[in-house]
Amino acid sequence: MILLILLLPFLEVYVIYQTGLRIGALNTLGFLILNSFLGLSIIKSQGLALVRQSQEAFARGEIPKDKSFIRLLTIIAGFLFLIPGFVTDVIGFLLLLPGTRHLIAFVAQKWIKRQIEKGRIRFFGGGAGAGGFSTFGQDPFTRYPNHERDVSPQVIDVTPIKVTKTNNEPDDGSSDPS
């Protein structure tokens with residue numbers, strides 16, 4: 001899988017080059033730009049709020065509900081259309097087709113459940129800035145009962161002080177004259 005991801009840019013360049021030879025450079029560029037606009041419209045229509053809802057479900061240690069997970073795959077398809085290249089566009093198109101999207105959602109949910117059960121996937125539990133990772137949305141502060149989270153503002157005194165030179169210090173030019 002990692003090898004495929006590493007080879008993807010080279011494959012994309014090769015496919016773009018071959019497409020440019022067959023239909024022309026301007027037509028190829030036009031298709032790539034059109035696909036990017038398609039990706040933007042998909043992302044906008046599905047809404048980035050869905051991504052936030054899915055992240056919240058993962059933070060609670062849950063897998064997003066079927067409908068949300070399928071909409072998340074649609075947003076991923078939109079991002080794939082944004083990447084310049086035809087191979088990612090084909091993958092994005094497959095994620096837009098209802099049959100393949102539902103199949104991929106089913107397989108991905110089963111895989112994620114197995115990884116959670118094996119303890120290979122851990123979720124960030126305490127929200128933004130809470131620190132630490134935990135399993136199944138466990139708040140890291142509950143692990144340390146004596147730890148209290150101080151959220152009060154801290155003020156640091158930055159008033160400059162005046163340094164004066166005394167007569168018994170040597171003047172080697174290293175001290176600040178002010």
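Above this note sits the structure.
What you see as residue numbers is a count from 1 along each chain, following the sequence as written. Whole-chain, interface and lining totals are the exception, using all residues; otherwise, since this is a predicted model, local features are given only for residues with pLDDT of at least 70 and side-chain atom pairs are given and counted only at 80 or more. Processing note: side-chain calculations cover all non-hydrogen atoms of the structure and skip hydrogens and water entirely.

1. Notes on the overall build of the chain
Right, so step 1: Helix and strand counts for the chain come out as six helices and zero strands.
Right, so step 2: Listing the helices and strands of the chain from first to last along the sequence gives α-α-α-α-α-α.
Right, so step 3: Note on areas: Shrake-Rupley, 1.4 Å probe, and residue coverage restricted to the protein chains presented here. Surface exposure of the chain reaches about 13200 Å², of which carbon and sulfur atoms provide 65%. Secondary structure is summarised from DSSP: a helix means a run of H or I of at least four residues, a strand means a run of E of at least two, and numbering begins at the N terminus for each.

2. Brief notes about the layout of surface pockets
Right, so step 1: In the cavity and pocket records, a cavity denotes points on a 1 Å grid over the protein atoms alone where a 1.4 Å probe fits but cannot get out, a pocket denotes an open set with protein on both sides within 12 Å along at least 5 of 7 lines, and lining residues are residues with an atom within 4 Å of a point. Grid points are joined across faces, edges and corners, and a volume is the space filled by probe spheres set on the points. The computed volume of the largest pocket comes to approximately 660 Å³.
Right, so step 2: The wall of the largest pocket is formed by 17 residues, among which Met1, Ile5, Leu80, Ile91 and Ile104 lie closest to the centre.
Right, so step 3: Contributions of two or more residues to the lining of the largest pocket are made by helix 1 (2-23), helix 4 (66-82), helix 5 (86-96) and helix 6 (98-118).
Right, so step 4: Partitioning the lining of the largest pocket into residue classes produces 17 nonpolar, no polar and no charged. Following the grouping adopted for this structure description, the nonpolar residues are Ala, Val, Leu, Ile, Met, Phe, Trp, Tyr, Cys and Pro, the charged ones are Asp, Glu, Lys and Arg, and the polar ones are all others, Gly among them.

3. Overview of the packing of helix 2 (residues 25-46) against helix 5
Right, so step 1: Across the interface, helix 2 lies against helix 5 with an axial gap of 11 Å and an inter-helix angle of 35 degrees. Between helix 2 and helix 5 the crossing geometry is left-handed. For the pair helix 2 and helix 5, the contacting residues are Thr28, Phe31, Leu32, Asn35 and Ile42 in the first and Phe86, Asp89 and Leu96 in the second. To get an axis, fit a line to the C-alpha atoms, keeping to the stretch in contact for a helix; angles then go from 0 to 180 degrees between the N-to-C directions. Crossing handedness: left-handed means the near helix sits turned counterclockwise from the far one by under a right angle, and right-handed means the same turn made clockwise. Any two residues whose heavy atoms approach within 4.5 Å at even a single point are treated as in contact.

4. Quick word on the environment of Arg71
Right, so step 1: Tracing the sequence through the fold places Arg71 in helix 4.
Right, so step 2: Arg71 gets classed as partly exposed once you look at its relative accessible area, which sits at 34%.
Right, so step 3: With 25 residues separating them in the primary sequence, Arg71 and Gln46 have C-alpha atoms 7.0 Å apart.
Right, so step 4: Those residues in contact with Arg71 that lie beyond four places of it in its chain are Gln46 and Leu50. Summary of the burial criterion: residues with accessible area below 20% of their type's maximum are buried, those above 50% are exposed, and those between are partly exposed, where the area comes from a 1.4 Å probe applied to protein chains only.

5. Looking at helix 6
Right, so step 1: For helix 6, built from 21 residues, the straight-helix expectation of 30 Å at 1.5 Å per residue is met to within 8% by its first-to-last C-alpha distance of 30 Å.
Right, so step 2: Those residues of helix 6 not exposed but buried are Arg101, Ala105, Gln109, Ile112, Gln115 and Ile116. Projected down its long axis, helix 6 carries its buried residues within an arc of 130 degrees, all on one side. Facing away from the buried surface of helix 6 by more than 90 degrees, the exposed residues are Gly99, Leu103, Phe106, Glu117 and Lys118. The length a helix should cover is 1.5 Å for every residue beyond the first. The directions from the helix axis to the C-beta atoms are what the arc is built from.

6. Thoughts on helix 2
Right, so step 1: For helix 2, with 22 residues, the first-to-last C-alpha span of 32 Å sits near the 32 Å given by 1.5 Å per residue.
Right, so step 2: Remark: Gly47 follows helix 2 within two positions and exhibits a positive phi of approximately 85 degrees.

7. A few points about the side chain of Gln115
Right, so step 1: For Gln115, the position within the fold is in helix 6.
Right, so step 2: Classification of Gln115 as buried rests on a relative accessible area of 8%.
Right, so step 3: When sequence neighbours within four positions are dropped, the list of residues in contact with Gln115 reads Arg120 and Ile121.

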